[in-house]
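Examination of the molecular architecture
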Amino acid sequence: MKKLDRLILKSFIGPFVAILFVVLFVLVMQFLWVYIDELVGKGLSMKIVGEFLLWGSCTILPLALPLATLLAAMMTMGQMAENSELIAAKAAGISITRIMTPLIIASTIISIGAFFTSNNLVPFAYNKIYTLRDDIGRTKEEIKIPAGIFYDGIDNYVLRVDSNDEVTGMMRGVMVYDHSANKGNSTVTLADSAVLRMSKSKDYLTFVMYNGTNYVEDNTVKPTEKDLALEKISFDRQELIIPLKNYAFERSEEDKYGDQVAAMNLQQLRADRDTMQAKYDTLHVAQVTMFGSTGTVSKYHQLDTSYFRQPLELFQYDGYLQWDEREKEINAYERASVEAYEVSSELNNFNREMYEYTYELRRAGLEILRKYSKAIACLLLFFIGAPLGALIRKGGLGTPAIISALFFVLYYIVDLVGAKMTKNGVLDPVNGAFLPAYLLIPLGILLTSKAVHDSSFLNLDSLKTRWNAIKGYISGLFRKTRIVYMGTPEFAVAPLDALVKNGKAQHYKVVGVVTVADKQSGRGLQVNQSAVKKYAVENNIPVLQPVKLKDPEFLSALAALKADLFVVVAFRMLPEEVWSMPKLGTFNLHAALLPQYRGAAPINWAVINGEKMTGVTTFMLDKNIDTGQIIFREEHKISPTDTAGDVHDALMEKGTGLVLQTVRALIDHNAEMRVQKSFIQGSEELKPAPKITRETCCIDWNRSTEDVYNLIRGLSPYPTAFTFIQRPDDQDALQLKVFFGEKMPGAGLAPGQIGTDGKSYIAIGTSDGAISVTDLQLAGKKRMNVHEFLLGYRDVDKAVIVANRL
């Protein structure tokens, strides 16, 4: 045996044995609950009760073995799948069939053991428990005389006591009626007190009475006498000996119930069935003979062509069903009706006589086949449990126990239905006994095939998600989820637009928008509205524009919207008074793959740092900046020529879809949140995304070509990288914004040195090459390409890059 086989068997046998004992314990407790009334109050010793439960547990074994096999197989394979052991084995070239082979062998052995248990142990146990139950039933309950009522629990005596001392056993105010002479209430004893003692063998009872009187009345009256004789005897102490019967537990003969079907093995059942079949055949022949010899059926050969040795032409003679007189016709019909009734009655009597034999034959045949079907059930349920464990990838007593119980209940119900239908004659014994197998075999083949081919069959998470989605949809029909949206720039407009347009179909509604207050800017001090406010006003959505987010007036207005969910996209940091307000919480859309690039400018810094991959993340807000639990993430690949503007547009589109997905998941309670630490791989360094400053935008030409190139891309189109340029005739250096350029390795220019042909290109040197500027803007001028710039800017070759003048 290989190590893998030993490991798998060890993982299976331990849970199997443990589960078998647990299942037996549960079923025995249920068994005890059924028969508890028969055991309590009869003074049975623990040995007798223990023996009763022992034989009861033996009768339950054929039911417990399939369940234990099913649950152990599911737990074993589920644990291996959950711990990625199945994946490792498959990666090593070991198929799922090979992994299940030792378990199949073990289950086959369990099935064989189940057969011998059903055939040898269970009949013996049934015989024992039937006999024991009959003996217990004959045992009378212990004598306990209650106070204040007449007690007739002792044969031929009726007793009554006024009070009963539980400690000393002394009874006060005793009255005893002796009916042993069958003369009614002719013998009565009254005593001040009494003590009741039972013999160890429980065959007699001693009633010791103190300070009392015996009253005996002679009920025999002679014809010549009118008076009755009364005898009165007083006593200080008197003992009354009462014989008892069946108060002590007594065993009867062992094989008292050996003729019961459940108490027979295969050999006995076959012998009983053959005997019953012979009696059935004999009775059938006798009934046929009797039926044919009655006067009612006088022409029983009239339909037998073999008797006449020629084809018959029935009812084809002249005068058939024709009468000369009406009275003869009536008499003929009446006689036929009486004879038909007599035939029907005779057949019904025959049927009643035959029923006892047919019922017992069906029962015996069913019991014979069920010994095989119950054994096979262990193997069939294994082929359901093991593949299911591999498919659901869950071990332990949680999910596997629930699913196993459902399959076992299904098997058990079908088994009971099959047995009931067979006993009632609806099904023959073969189909009745193997009805569960007809269900389990195709199911086992399907599940095993799914497991072998790694097909998805039952995804509990998917079922839970669908169920929650259905509940969310139904609840949305009665009350739409209310959403308050918080955002400012153009990046936040697309998600808001998607929420508004999808709200009707998805049963939610944007009931308000929170954005920054309007600001005056420009030479004319014109009031500028945020992009989000403009959209909200156009779509008649209420707008809140707080200066301070903790302003009580703002908080009151926000609470009045009665929002269920807050959605934040490119907005300010919220205080706890705000983000904790809705019952579904507050989530934010961040333009980076958190936990990387936490901060105000994630798109710019991802490009500046030369990242090849970024994305969008939705996460729940907490007290810190961008540290809440992550809901969803979606990646986006950054190409070598992408600017921050290109990435911005792409992430705006991806973020819109992610916001819709997150809103739906939170409404349906299907959001599976993960802490940000779980996304950090090994010693991965977290990179921040702080606010872009003017110092960040100023190009340092002493850096490498790659760094300068990424800085230009990461700040384009806003806030834009810049440098300072000055010609000999210029009084001051002018700011030159660089929107885009191309890398020129090995250009031979010093850092900050300008190279140009005056017509088609401008190159500025870096520490290891140069940047060919293709898109730029001089202070006071419009943005233009390099060709347009060179047409209007003379003597570029004499110009120099001036050091940082910030």
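Above this text you will find the structure in question.
Below or above, wherever it landed, is the structure these notes cover. (Residues numbered from 1 in each chain as written. Predicted model: local features only at pLDDT ≥ 70, side-chain atom pairs only at ≥ 80, totals over all residues. Heavy atoms only, no water.)

**Section: the overall build of the chain**
- Each helix and strand counted, the chain has 20 helices and 24 strands in total.
- In the chain, which comprises 806 residues, the share counted as buried stands at 43%.
- The long-range share in the chain, meaning contacts at least 24 apart out of those at least 6 apart in sequence, stands at 68%.
- As presented, the chain carries roughly 44,700 Å² of accessible surface, and 55% of it is formed by carbon and sulfur atoms. (Helix = DSSP H or I, 4+ residues; strand = E, 2+ residues; numbered from the N terminus. Buried < 20%, exposed > 50% of the residue type's maximum accessible area, 1.4 Å probe, protein only. Contact = heavy atoms within 4.5 Å. Areas by Shrake-Rupley, 256 points an atom, 1.4 Å probe, with all protein chains shown as cover.)

**A few points about unusual backbone geometry**
- Residue Pro717 follows Ser716 across a cis peptide bond; omega there is 5°.
- Examined against the element boundaries, Pro717 turns out to sit in the loop between α19 (705-714) and β18 (721-726).
- At the junction of Tyr718 and Pro719, the peptide bond is cis and its omega measures out at 5° in the coordinates.
- With respect to the helices and strands, Pro719 occurs in the loop between α19 and β18.
- With phi around 55°, Asn211 is a residue other than glycine that occupies positive phi space.
- Relative to the helices and strands, Asn211 resides in strand β5 (residues 204-217).

**A short note on the environment of Arg237**
- You can see Arg237 is positioned in strand β6 (residues 230-243).
- Judged by its relative accessible area of 48%, Arg237 falls in the partly exposed class.
- The sequence separation of Arg237 and Thr213 amounts to 24 residues, and the corresponding C-alpha distance is 9.9 Å.
- If we skip the residues at most four places from it in the chain, Arg237 touches Val208, Met209 and Tyr210.
- At a separation of 3.0 Å, a polar atom in the side chain of Arg237 contacts the side chain of Glu239. (Polar contact = N/O pair within 3.5 Å; in protein donor to acceptor, adjacent residues only side chain to side chain.)

**Some points on the sheet that holds strand β16 (residues 630-637)**
- Spatially, seven strands are ordered β11-β8-β7-β12-β13-β15-β16 in an open sheet, and the strand pairing comes out mixed. Two strands bound the open sheet, and with one partner strand each, they are β11 (543-544) and β16.
- Note: strand β7 (residues 481-487) against strand β12 (residues 565-569), five bridges, orientation parallel. What sits directly across from Tyr485, in β12, is Val567.
- Packing of helix α12 (residues 493-506) onto the sheet brings it into contact with β7, β8 (508-514), β12 and β13 (586-590), and relative to β8 it is tilted by some 150°.
- Its contacts with the sheet place helix α17 (residues 644-667) against β7, β8, β12, β13, β15 (613-620) and β16, and it is angled at close to 155° to β16. (Pairing = 2+ DSSP bridges. Axes fitted to C-alpha atoms, helices over the stretch in contact; angles between N-to-C directions.)

**Section: the pattern of salt bridges**
- Inspection of every chain in the model, using the stated rule, returns 15 salt bridges.
- Here Asp162 makes a salt bridge to Arg160, at a shortest N to O gap of 2.8 Å.
- With a relative accessible area of 23%, Arg160 lands in the partly exposed category. (Salt bridge = Lys/Arg side-chain N within 4 Å of Asp/Glu carboxyl O.)

**Regarding the sheet that holds strand β4 (residues 187-198)**
- As summarised here, the arrangement of the six strands in space is β1-β2-β3-β4-β5-β6, forming an open sheet in which the pairing is antiparallel. Only two strands of the sheet have a single neighbouring strand rather than two, namely β1 (151-154) and β6. Taking the axes of each pair of neighbouring strands and ignoring which way they run, one obtains an average angle of 35° across the sheet.
- Where β1 and strand β2 (residues 157-164) come together, two bridges link them in antiparallel fashion.

**Looking at the environment of Phe571**
- Mapped onto the elements, Phe571 comes out in the loop between β12 and α15 (576-579).
- The sequence separation of Phe571 and Val514 amounts to 57 residues, and the corresponding C-alpha distance is 9.0 Å.
- Those residues within four positions of Phe571 in sequence are excluded, and the remaining contacts are Met486, Gly487, Thr488, Val514, Thr515, Val516 and Leu549.

**Details of the packing of helix α2 (residues 46-82) against helix α7 (residues 326-392)**
- The interhelical angle for the contact between α2 and α7, taken along N-to-C directions, is 20°, at an axis separation of 7 Å. The angle between α2 and α7 falls in the class roughly parallel. As α2 runs across α7, the sense of the crossing is right-handed. Across the interface between the two elements, Pro62, Leu65, Pro66, Thr69, Leu70, Ala73, Met74, Met77, Gly78 and Ala81 of α2 pack against Lys374, Ala377, Cys378, Leu381, Phe382, Ile384, Gly385, Ala386, Leu388, Gly389, Ala390 and Ile392 of α7.
- Among the residues making up the contact of α2 with α7, the classes are represented as 17 nonpolar, four polar and one charged. (Parallel < 35°, antiparallel > 145°, perpendicular 65-115°, else oblique. Left-handed = near helix turned anticlockwise from the far one by under 90°. Nonpolar A, V, L, I, M, F, W, Y, C, P; charged D, E, K, R; others polar.)

**Some thoughts on the nonpolar core**
- If you look at the biggest cluster of nonpolar residues, it comprises 77 residues, and the most contacted ones within it are Tyr485, Val567, Phe587, Val663 and Phe789.
- In terms of residues, this core owes the most to one element, α17, which gives nine residues.
- If we skip the residues at most four places from it in the chain, Val567 touches Ile483, Val484, Tyr485, Met486, Leu499, Phe587, Val659 and Val663.
- By size, the runner-up hydrophobic cluster in this structure holds 76 residues, among which are Ile8, Phe31, Ala377 and Leu388. (Core = buried A, V, L, I, M, F, W, Y, C linked by side-chain atoms within 4.5 Å.)

**What to know about the packing of α12 against helix α13 (residues 531-538)**
- One can describe the packing of α12 onto α13 by two numbers: an axis separation of 9 Å at closest approach and a directional angle of 25°. Compared by their axis directions, α12 and α13 come out roughly parallel. In this structure, α12 crosses over α13, and the sense of that crossing is right-handed. Residues Val493, Leu496, Asp497 and Val500 of α12 form the contact with α13, whose own contacting residues are Ala531, Val532 and Tyr535.
- Here the contact of α12 with α13 is built from residues that sort into six nonpolar, no polar and one charged.

**What about a nonpolar patch on the surface?**
- A cluster of nonpolar residues, Val22, Phe25, Val26 and Met29, forms a patch on the protein surface that exposes about 380 Å² of accessible area.
- For Val22, the location among the structural elements is in helix α1 (residues 3-39). (Patch = residues over 30% accessible without salt bridge, like charges linked within 9 Å, V, L, I, M, F, W, Y side chains within 5 Å.)

**Comments concerning the packing of aromatic side chains**
- By the definition in use, this model includes 13 aromatic pairs.
- Here Phe722 and Phe724 contribute two aromatic rings whose centre-to-centre distance is 5.8 Å and whose plane-to-plane angle is 85°, an arrangement assigned as edge-to-face. Accessibility assignment for this pair places Phe722 and Phe724 in one class, buried.
- Among the aromatic residues, ring-to-ring pairing joins Phe115, Phe116 and Tyr372 into one connected group.
- The ring of Phe679 has Arg674 lying over it, and the distance from NZ or CZ to the ring centre is 4.2 Å. (Phe/Tyr/Trp six-rings, centres within 6.5 Å; stacked < 30°, edge-to-face > 60°. Lys NZ or Arg CZ within 6 Å of the ring centre and 35° of its normal.)

As far as function goes, none of this settles anything; it's purely spatial.
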